[in-house]
Amino acid sequence: MLARLVLKEIRESLWIVAAALAAYVYYFMTATGVGLGGEEWWHWLSFLRGGDEPGFGLVVSLCLAAGLGLRQTVGESARGTFQFLLHRPASRERLIATKLVVGAGLYLCLATVPLWLIAWWATTPGNAPAPFEWSMLAGSWKIWSSMTIMYFGAFLTGLRPGRWYGTRLLPLIACGFVSVGLSFLPHWWITGLPITVVLDVLLVTNILFVARTRDYS
Amino acid sequence: MANVIETHNLTKYYGPKCVVNSVDLRVPQGSVYGLLGRNGAGKSTIIKMLLGMVQPNYGRAELFGEEVAQLRPQTRARIAYLAEGHPLYRWMKIEDAVQLTRSFYAQFNDELLRKILDHFELSPRAKIRRLSNGQRAQVSLALAIAQDPELLILDDPTLGLDTVVRRDFLESLIQLIQRRGRTILFSSHILGDVERVADRIGVLVDGVLRVDCPTEHFKESVKKVVLEFDGSPPKCPACDGLVSNRQVGNRIELVVVGYDGQQKQLVESLSPKAVEVVDLNLEDAFIEYTRGPRRSLPIFVGEESNVSEVGT
């Protein structure tokens, strides 16, 4: 059962995955200059100078996380397919948790793609004029981590019924601000990371509660 | 006979509006129960509460003796549900929908599914988004039957289907019913469909279950009594069992439940010139019973409405 559900969720998110991959490849190109050319190397390799500037990567991760969360919930509501899925002989928490694991897994895997590409490119001899260290991408890893809040916030927004768009979109907007803000907190390992973990746990708990108690009418 | 479905005081509010009001529903094992009502009467809401899709504000529902809120997966595996509009994942092929559905049910009957799809002339490789409404209904029915359910719940299964497809769908349903011990609950507002398959009906009026009885009993109970007068008819007083009365020229048309005793006395007290008692078919009986005070061309007739209950 789980395998079929996982396949369904992946299949339904394929176009978001494809769009995000294309955007991440472009981000990799802008970070390294590969394929863009025309400028000196110091114009591109900001991460080598300790100035990881993942502005474009942040936008892509934000959109990917929000897109996945909304796709997995609003899509089911709009097509009425929650009625197809949720009466099956499996607990509602299990069905929703499967969606969450697939969505969060897709986000976490995809969002590392440009980082692996950059690391691969930077460690290939002849490309970068300095040794590569993972700490050079610290900013990108912080974004990678804190955007999980955006994913769960988007999922909650799609799942949670609300009479007005304002109240309905509240988790999405709040989680957007929080996840971006957390990426830039000083002393991130003792501030940003614990807050991210706590918020993720709270959001997942709330999602499972809403999934169990809301009306699917 | 044990009840497969039981509800106790089931009540649901959407905002201030009570859409299901203290419904006590009993569906015996092996019966085919037609839940009738006009649009917005609360049929779909009751069905969704039975499946745990909608939470009641008050009351409770039990399926196979288990509270709906605590239904075990093993019990859920005994229930098949066809939702209104036959929602399916449109990007899938029929075989994808089959594989997804099969993964939930240990007792899924592939051989039966293949026969049903053959019967409906549906290829497993057909894309669901290219199917007509009727074909999607057939796929949904095939998936439901192949689960080999003991209880089949259908929410307005023939909605949007043309006459031929609807007849075909119902005949398939009748074949399914012939399996001993299987219970079916379905909602509809197409009375011909209900008359064809249901052995028991419930009629919802504004969220209240006004009727819960065998289909034949309902048809026999609701009658139209036409009273003819020489001049202008007198005003008709209210009495138990009087559903509605309306004046048409020199006549009064009464719709009554169980035309006997009190209603006969009422008719005699009005001293009509002639009395005609008309048997109604299920559709006419349902319409007279549920349509309430608003009717077509109200300018030309005077009328009153007083809905009464039909019991077992």
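Residues numbered from 1 in each chain as written. Chains lettered and ligands numbered in written order. Predicted model: local features only at pLDDT ≥ 70, side-chain atom pairs only at ≥ 80, totals over all residues. Heavy atoms only, no water.

Draft legend 1. Looking closely at the overall build of chain B. Counting secondary structure elements, chain B contains 10 helices and 16 strands. Here the C-alpha coordinates of chain B stretch approximately 70 × 40 × 40 Å along the principal axes. With 312 residues in all, chain B has 54% of them scored as buried. Chain B carries 39 positive and 40 negative side-chain charges, and their two centres are separated by 6 Å. (Helix = DSSP H or I, 4+ residues; strand = E, 2+ residues; numbered from the N terminus. Buried < 20%, exposed > 50% of the residue type's maximum accessible area, 1.4 Å probe, protein only. Lys, Arg positive; Asp, Glu negative; His and termini not counted. Charge placed at Lys NZ, Arg CZ, Asp CG, Glu CD.)

Draft legend 2. Structural detail: helix 5 (residues 133-146) of chain B. Residue and element names in this part refer to chain B. With 14 residues, helix 5 extends 20 Å from end C-alpha to end C-alpha; this agrees with the ideal 20 Å at 1.5 Å per step. Counting buried residues along helix 5, 12 of its 14 residues qualify, which places the element largely inside the surrounding structure. Those residues of helix 5 not exposed but buried are Gly134, Arg136, Ala137, Gln138, Val139, Ser140, Leu141, Ala142, Leu143, Ala144, Ile145 and Ala146. (Expected span 1.5 Å × (residues − 1).)

Draft legend 3. Quick peek at unusual backbone geometry. Residues and elements named next belong to chain B. Positive phi, close to 50 degrees, is recorded for His86, a residue that is not glycine. Secondary-structure assignment places His86 in the loop between strand 7 (79-82) and helix 3 (94-102). The backbone of Asp206 shows a phi angle near 50 degrees, a positive value even though the residue is not glycine. Mapped onto the secondary structure, Asp206 falls in the loop between strand 10 (200-205) and strand 11 (208-214). Residue Asp206 is classed as exposed on the basis of its relative accessible area, which comes to 64%.

Draft legend 4. Summary view of the nonpolar core. Counting residues in each nonpolar core, the largest one holds 146 residues, and the members touching the most others are Leu63(B), Ile94(B), Leu154(B), Leu185(B), Val203(B) and Phe218(B). For this core, the element with the most residues is helix 8 (residues 138-159) of chain A, which contributes 10 residues. (Core = buried A, V, L, I, M, F, W, Y, C linked by side-chain atoms within 4.5 Å.)

Draft legend 5. Up close: the pairing of strand 7 of chain B. Residues and elements named next belong to chain B. By the alternation rule, side chains of strand 7 split into Ile79 and Tyr81 and Ala80 and Leu82, which are all buried. Bridge analysis of strand 7 against strand 8 (residues 151-155) gives four bridges, and the strand direction is parallel. The residue of strand 8 that forms the bridge with Leu82 is Leu154. (Pairing = 2+ DSSP bridges.)

Draft legend 6. Structural context of empty space enclosed by the protein. Going through the model one piece at a time under the given rule, you end up with two cavities of 30 Å³ or more. Lining the largest cavity are 14 residues, and of these Phe84(A), Arg88(A), Tyr81(B), Leu82(B) and Ser140(B) sit closest to its centre. Broken down by secondary-structure element, the contributors of at least two residues to the lining of the largest cavity are helix 5 (82-85) of chain A together with strand 7 and helix 5 of chain B. Of the residues forming the lining of the largest cavity, the biggest block, three residues, is contributed by helix 5 of chain B. Residue composition of the lining of the largest cavity, grouped by class: eight nonpolar, five polar and one charged. (1 Å grid on protein atoms, 1.4 Å probe; cavity = no way out; pocket = protein on both sides within 12 Å on 5 of 7 lines; lining within 4 Å. Points joined across faces, edges and corners; volume = space filled by probe spheres on them. Nonpolar A, V, L, I, M, F, W, Y, C, P; charged D, E, K, R; others polar.)

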